[in-house]
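Inside the fold
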Amino acid sequence: MNIKNLASLITFATLLFSGVAFAQSGEATYKQVCMSCHAAGLVNAPKFGDKAKWAPLIAEGQVTLTAHAYVGVRAMPAKGGNPNLSIEGFSDALVYMVNNSGGNWKSPNAQTIAAINKEVESRKAGLNKKQ
Ligand code: HEC
């Protein structure tokens, strides 16, 4: 194998690996992280599939709702209680929940993720001021 082939093999392996790292679907994250509270509507969590409960939340828009839930809202823990959950992973779990509760959202692209991160920062700044 020459150097060029080796280089493309490494590139391929890297792509494959990053593909695996990002492969966790919103459904899988929902089942791992969110379901314990949202399936049954524990402590008043908006229940999976409850369109009436989700409609006003969905109306807040994807950027706002995702950012506020990621930071944590009242009894809803930040990052769904999983400190390792990325904003992308959280967003996709929420998309899965929303799309099964009357909404029609898409997995956020880089631009939407950037807007969510910005809203996360201003939400955190606002929360800190109140303390
Ligand atoms: C420990 C229980 C728990 C877990 C785990 C949890 N939630 Fe929640 N969630 C809640 C509760 C309780 C509320 C209602 C908060 C309130 O209004 O007081 C809530 C509310 C929300 C809301 C509405 C926020 C708003 O602005 O009113 C969203 C969106 C949400 N959760 C998404 C998620 C996602 C996505 C996950 C998984 C990644 C998740 N939650 C995991 C308990 C949980």
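With that settled, the discussion passes to the overall build of the protein chain. Of regular secondary structure, the protein chain possesses 6 helices and 0 strands. Residues classed as buried in the protein chain amount to 28% of the 131 residues present. Within the protein chain, residue pairs in contact and separated by at least 24 positions form 57% of the contacts whose partners lie at least 6 positions apart.

Before going further, it helps to examine the coordination of the iron atom of the ligand. On the protein side, the iron atom of the ligand has His-38 (NE2) and Met-76 (SD) as donor atoms, found 2.0 to 2.1 Å from it. Bound by 6 donor atoms, the iron atom of the ligand shows angles of 86 to 179° at the metal and therefore octahedral coordination geometry. Taken together, the positions of His-38 in helix α2 (residues 26-38) and Met-76 in the loop between α4 (62-71) and α5 (87-99) put the pair 38 residues apart, joining distant regions of the chain. The buried category is assigned to His-38, whose relative accessible area is 9%.

What follows concerns the site of the ligand. Taken together, 24 residues lie near the ligand, and Cys-34, Cys-37, His-38, Arg-74 and Met-76 sit nearest. At 2.7 Å from a nitrogen atom of the ligand is found a side-chain nitrogen or oxygen belonging to His-38. The element best represented in the shell around the ligand is α2, accounting for 5 residues.

Take the environment of Thr-29 next. Locating Thr-29 in the fold gives a position in helix α2. On the basis of relative accessible area, Thr-29 is assigned to the buried category, the value being 2%. Considering only alpha carbons, one finds Thr-29 and Gly-89, 60 residues apart in sequence, at a separation of 6.9 Å. If we ignore the near neighbours within four places in the chain, the residues touching Thr-29 are Gln-24, Cys-34, Leu-85, Gly-89 and Ala-93.

What follows is about α2. Taking 1.5 Å per residue as the helical rise, α2 with its 13 residues ought to reach 18 Å, whereas the 14 Å between its terminal C-alpha atoms falls clearly short. The largest bend in α2 comes to about 50°, at Gln-32. Along α2, the residues classified as buried are Gly-26, Thr-29, Tyr-30, Val-33, Cys-34 and His-38.

Attention now moves to the side chain of Thr-66. Along the chain, Thr-66 turns up in helix α4. There is a polar contact of 2.6 Å between the side chain of Thr-66 and the backbone oxygen of Gln-62. Look past the residues within four positions of Thr-66 in its chain and what remains in contact with it is Phe-90, Ser-91, Leu-94, Trp-105 and Ile-116.

Thresholds applied
Residues numbered from 1 in each chain as written. Predicted model: local features only at pLDDT ≥ 70, side-chain atom pairs only at ≥ 80, totals over all residues. Heavy atoms only, no water. Helix = DSSP H or I, 4+ residues; strand = E, 2+ residues; numbered from the N terminus. Buried < 20%, exposed > 50% of the residue type's maximum accessible area, 1.4 Å probe, protein only. Contact = heavy atoms within 4.5 Å. Donors = N, O, S within 2.8 Å, 3.2 Å for Na, K, Ca; no water. Tetrahedral: all angles 85-135°; square planar, octahedral: opposite > 155°, others 65-115°. Near = heavy atom within 4 Å. Polar contact = N/O pair within 3.5 Å; in protein donor to acceptor, adjacent residues only side chain to side chain. Expected span 1.5 Å × (residues − 1). Bend = angle between axes of the 7 residues up to and from the residue.

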